[in-house]
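# Summary of structural features
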Amino acid sequence: MTPDLASPVALPTGDVPAEPPPTLLESLTCPADLRSLDHAQLVTLAAQIRGFLVDKVCATGGHLGVNLGVVELTIALHRVFDSPRDVLVFDTGHQAYVHKILTGRRAGFDGLRQADAMSGYPCRAESVHDWVENSHASTALSYADGIAKALQLQGHSDRRVVAVVGDGALTGGLAWEGLNNLSADSGPGRPVIVVLNDNGRSYSPTIGGLARHLGTLRDRYRRKAAPSTQPRASWPHVPETVFEHLGLAYVGPVDGHDIPALETRLRHAQSLNKPVVVHAVTSKGRGYQPAENDDADRMHGIDILDPATGRPAAPGKPTWTSVFGEAITQIGAKRPDVVCVTAAMLQPVGLRTFAARFPCRVFDVGIAEQHAVSSAAGLAMGGLHPVVCVYATFLNRAFDQVLMDVALHRLPVTFVLDRAGITGPDGASHHGMWDTSILSVVPGVRVAAPRDPASLRQLLHEAVDDPAGPTVIRFPKAAAGPDIPAVARMDGLDILHRSAAMPLDVLLVAAGVMAGPCLEAAALLQHRGIGVTVVDPSWIIPVNPALVHLAARHRLVLTVEDACRTGGMGSLLAGACADAAITIPVRTLGLPRAFIQQGGRGDLLSRHGLTAEQIAAVAATGLPDTHPGPWAPRPST
Ligand SMILES: Cc1ncc(C[n+]2csc(CCOP(=O)(O)OP(=O)(O)O)c2C)c(N)n1
């Protein structure tokens, strides 16, 4: 008989459905529980963790492929080392989901990366097992170096410090500064264990001489694993490792999915009592077919997906990144001198089409933003126009290079800052909210914030046509469009709205994507009898003198930007008005000088006063004299 699926099965009175017994994964509460498991149980546990990751990460979005690759490695680390007494530092931190699961945070995965819930990176407030929470790459060796020095000086020589670093993160210069220091002091007593998680990829395959060297070492491991019919003498020559040349010990390569082999190597590394690199070979996306088949980045990080197909649950809309990708490719077709530079993020910054059309004119330099900028300076000195494409938050790394290597030389380099402003679920280290503050002190740099796809295309053209010095274009992680036409253009300013036959009460100065909420705010204010002009300066740094003149004609200026208020567009305009002895009040809305936690972009913008209603409320209450009292927008009639 076919059961009626719509109605629950009737149980005899008094019967309670039996709870299924907990799975191995469900029965784990802390890392120590791992140590009593036998090999077969560990294999089962690894499979359960993979199933759990696919289920949960497909539902929330997050770093899937990365974490599927480190399941066995993380289990082995927690069996060999005694966290948190021994210190585990994860470089970048995007690969710490398994660590979270094993340290009692399985339940948090339902809220992964959501507001007021579990972070997508290690987080000191969440667990004593998390030492570090910065998710900018290549820092782990330096943290480990410092922690080990501190433990040593305080007599804790029995505590181990382990840094887990990817082959991608190892392309960053900072990692080499760390390695250099670790090997400078290779005596007993400060033995940092560097676990190199080598999957051959950053997002895409890792580039450069180091990647080639690691490839040769991986080859050695593969040949050992698969008995060759060729005589051993015909195998290619394998040089000693670069790590040994630096004075560190080297252990490996070891199969990063073989828990007993990993444990043996980690214990051996521990026994050496000196700085050592343990080279674990892993594969990103392991165990989930859609990730293993994904050539672009093995599903490094994903949005919400249908786990059965590995495809997005809803079709995507055009993003700022995709609009940029098309625009730069069109420019590239007309301008052979335009070249692009990426720091290991070709696809995420929208350069895939450009790279396919002009493979010789795009340079992936590894996770090396500082080098990317100075190398771009060299490209410009050599007569090309480089376009450096990075996430806004990662430009922080290269501030000195922008200042001294590009701006001081007045070189025509264009910086395209993707993910500017609130980025959402990646949290404090990923909000692209510092760029305008740091760029505002750089002499000669011009910064633009497009409001829509048409202005992105226009401003990008203006930027690459500027031979006189550095230019910057910033846009957010969001869907792009629709276009917002200007009603007038005046001395480089786009006037987006003017209240007809009303006084010039409020000037709303909208930086880029804040144009939409400012236009809505204008409608609300106008409805209350307040005259509003909405202006988009397009180039937000330096201040356009025409904006100061326009400000002087109004009774209140309110600037609105999706960036840190400190030193941003608003504070620059306020300073320029003060310098010009203009006494009308200038209010500034933007992000606070604070580390903003993760959440949805819309939610976080609203929490920081950047919705239309909130903008209108500040404008109405900030107007001198005529509009006193609390602001409450009238219900529409
Ligand atoms: C300074 C900096 N630049 C760029 C990034 C963006 N990013 C996050 S993970 C990643 C690739 C990391 O590769 P790898 O270290 O090999 O780790 P895997 O993801 O392969 O495990 C990049 C480029 C970052 N986090 N920090």
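Thresholds, definitions, all that
- Residues numbered from 1 in each chain as written.
- Predicted model: local features only at pLDDT ≥ 70, side-chain atom pairs only at ≥ 80, totals over all residues.
- Helix = DSSP H or I, 4+ residues; strand = E, 2+ residues; numbered from the N terminus.
- Rg over C-alpha atoms; globule rule 2.2 N^0.38 Å.
- Buried ≥ 20, exposed ≤ 12 C-beta atoms within 10 Å, placed from the backbone.
- Contact = placed C-beta atoms within 7 Å.
- Near = placed C-beta within 6 Å.
- Domains from an automatic or database assignment.
- Nonpolar A, V, L, I, M, F, W, Y, C, P; charged D, E, K, R; others polar.
- Pairing = 2+ DSSP bridges.
- Axes fitted to C-alpha atoms, helices over the stretch in contact; angles between N-to-C directions.
- Expected span 1.5 Å × (residues − 1).
- Arc of directions from axis to C-beta.
- Right-handed = clockwise from strand over helix to strand, strands pointing away.
- pLDDT = per-residue confidence, 0-100.
- Core = buried A, V, L, I, M, F, W, Y, C linked by C-beta atoms within 7 Å.
- Parallel < 35°, antiparallel > 145°, perpendicular 65-115°, else oblique.
- Left-handed = near helix turned anticlockwise from the far one by under 90°.

Time to look at the overall build of the protein. Check the secondary structure of the protein and you find 23 helices and 20 strands. What you see for the protein is a C-alpha radius of gyration of 28 Å, in line with the 26 Å of a compact globule of 637 residues. In terms of overall dimensions, the protein has a C-alpha envelope of 85 × 80 × 55 Å along the principal axes. When burial is assessed residue by residue, the protein has 50% of its 637 residues classed as buried. Taking contacts inside the protein between residues at least 6 apart in sequence as the whole, the part at least 24 apart equals 78%.

Moving on, we get to the site of the ligand. Taken together, 25 residues sit near the ligand, with Ala-137, Gly-166, Gly-168, Ala-169 and Ser-202 positioned nearest. Counting contributing residues per domain, the shell around the ligand is built from domain 1 (24-227 + 236-302) and domain 2 (320-474), each supplying no fewer than three.

For the rest of this paragraph, the subject is the domain arrangement of the protein. Along its sequence, the protein is carved into domain 1 (24-227 + 236-302), domain 2 (320-474) and domain 3 (488-621). Inter-centroid distance (C-alpha atoms) of domain 2 to domain 3 is 26 Å. The element contributing the most residues to the side of domain 2 that touches domain 3 is helix α17 (residues 435-439), with four residues. Residues of the side of domain 2 that touches domain 3, tallied by class, amount to twelve nonpolar, eight polar and five charged.

What follows covers the sheet that holds strand β4 (residues 249-255). Ordered in space as β1-β2-β3-β5-β4, the five strands form an open sheet in which the pairing is parallel. Strand pairing shows two members of the sheet lacking a second neighbour, β1 (87-90) and β4, which therefore form its edges. Each strand of the sheet is rotated relative to its neighbour by a mean of 20°, with strand direction disregarded. Both strand β3 (residues 192-198) and strand β5 (residues 276-281) contribute to a ladder of six bridges, which runs parallel. In the strand pairing of β5, Asn-197 is matched with Ala-280.

Moving on to the sheet that holds strand β12 (residues 446-448). The pairing of strands in a sheet comes from backbone hydrogen bonds and takes either a parallel or an antiparallel form. The strand order across the open sheet built from seven strands is β9-β8-β10-β11-β13-β12-β18, with neighbouring strands paired in mixed fashion. Both edges of this open sheet fall to β9 (362-364) and β18 (539-541), since each of them pairs with a single strand only. Neighbour-to-neighbour, the strand axes of this sheet turn through a mean angle of 25°, independent of strand direction. Along the sheet, helix α12 (residues 320-334) contacts β8 (338-342), β10 (385-391) and β11 (414-418); its crossing angle with β8, the most-contacted strand, is approximately 145°. Here helix α18 (residues 453-464) sits on the sheet and contacts β8, β10, β11, β12 and β13 (471-474); the angle it forms with β13, its principal contact strand, is near 165°.

Considering the arrangement of structural elements, one finds Phe-324 in helix α12. Residues Phe-324 and Met-502, spaced 178 residues apart in sequence, show a C-alpha to C-alpha distance of 38 Å. Discounting residues that sit within four places of it in the chain, Phe-324 has contacts with Gly-350, Val-416 and Leu-456.

A separate point is helix α6 (residues 140-153). Along an α-helix, residues three or four positions apart point the same way, because every turn accommodates 3.6 residues. With 14 residues, α6 should cover 20 Å at 1.5 Å per step; its first-to-last C-alpha distance of 20 Å lies within 8% of that length. Three or more residues of α6 are buried, namely Ala-140, Leu-141, Ala-144, Asp-145 and Ala-148. Along the axis of α6, the buried positions cluster into a sector of 135°, meaning they face one direction only. Away from the buried face of α6 by more than 90 degrees, exposed residues Ala-150 and Leu-153 are located. Taken together, the buried residues of α6 touch β1, β2 (161-166), α7 (173-184) and β3. After α6 finishes, the residue Gly-155 shows a positive phi value of roughly 80°.

This part is about the pairing of strand β20 (residues 586-591). Along any regular strand the residues' side chains alternate between the sheet's two faces. β20 sits mainly inside the fold: five of its six residues count as buried. In this structure, strand β19 (residues 556-564) lies alongside β20, joined through five bridges in parallel fashion. Bridge pairing links Val-560 to Leu-589 in β20. Between β19 and its parallel partner β20, the chain crosses via helix α21 (residues 569-579), and the hand of that crossover is right-handed.

Cis geometry marks the peptide bond from Gly-252 to Pro-253, where omega comes out at -5°. For Pro-253, the position within the fold is in strand β4. The step from Ile-541 to Pro-542 runs through a cis peptide bond, and the omega angle for that step is -5°. Mapping Pro-542 onto the fold places it in the loop between β18 and α20 (545-552). Positioned with a positive phi, Arg-298 is a non-glycine residue whose angle comes to about 55°. By secondary structure assignment, the location of Arg-298 is in the loop between α11 (289-292) and β6 (305-306). Here Ser-538, not a glycine, exhibits a phi torsion of approximately 65°, which is positive. For Ser-538, the location among the structural elements is in the loop between β17 (532-536) and β18. Residue classification places Ser-538 among the buried positions, given that 21 C-beta atoms sit within 10 Å.

Predicted coordinates in regions of low pLDDT should not be interpreted in detail. For the protein, the mean per-residue pLDDT works out to 92, and 92% of the residues sit at or above 70. With pLDDT under 50 throughout, residues 632-637 is counted as low confidence; its partners more than four residues away or in other chains account for four contacts.

This next bit is on helix α14 (residues 369-381). Between its first and last C-alpha atoms α14 spans 18 Å; for 13 residues at 1.5 Å apiece the expected length is 18 Å, and the two agree. For α14, the set of buried residues is Glu-369, Ala-372, Val-373, Ala-376, Ala-377, Leu-379 and Ala-380. Mapping the buried residues of α14 onto a view down its axis gives an arc of 160°, with all of them on the same face. The exposed residues of α14 that point more than 90 degrees off its buried face are Gly-378 and Met-381.

Okay, the nonpolar core next. One finds Val-162, Ala-163, Leu-508, Val-560 and Ala-619 to be the most contacted residues of the largest nonpolar core, which totals 180 residues. Counting residues per element, this core draws most heavily on helix α2 (residues 39-60), at seven residues. Among the nonpolar cores identified, the runner-up in size contains five residues, and Met-433, Trp-434, Cys-564 and Leu-591 belong to it.

Each pair of packed helices can be described by the angle between their axes along with the distance between the axes. Running from N to C, α2 and helix α4 (residues 71-80) cross one another at 125°; their axes reach a closest spacing of 10 Å. Judged on the interaxial angle alone, α4 and α2 are oblique. Judged by the twist between their axes, the crossing of α2 over α4 is right-handed. Within the contact between the two elements, α2 uses Leu-42, Leu-45, Ala-46, Ile-49 and Arg-50 and α4 uses Val-71, Glu-72 and Ile-75.

The next subject is the environment of Asp-38. Mapping Asp-38 onto the fold places it in the loop between α1 (24-27) and α2. Separated by 34 residues in the primary sequence, Asp-38 and Glu-72 place their C-alpha atoms 14 Å from one another.

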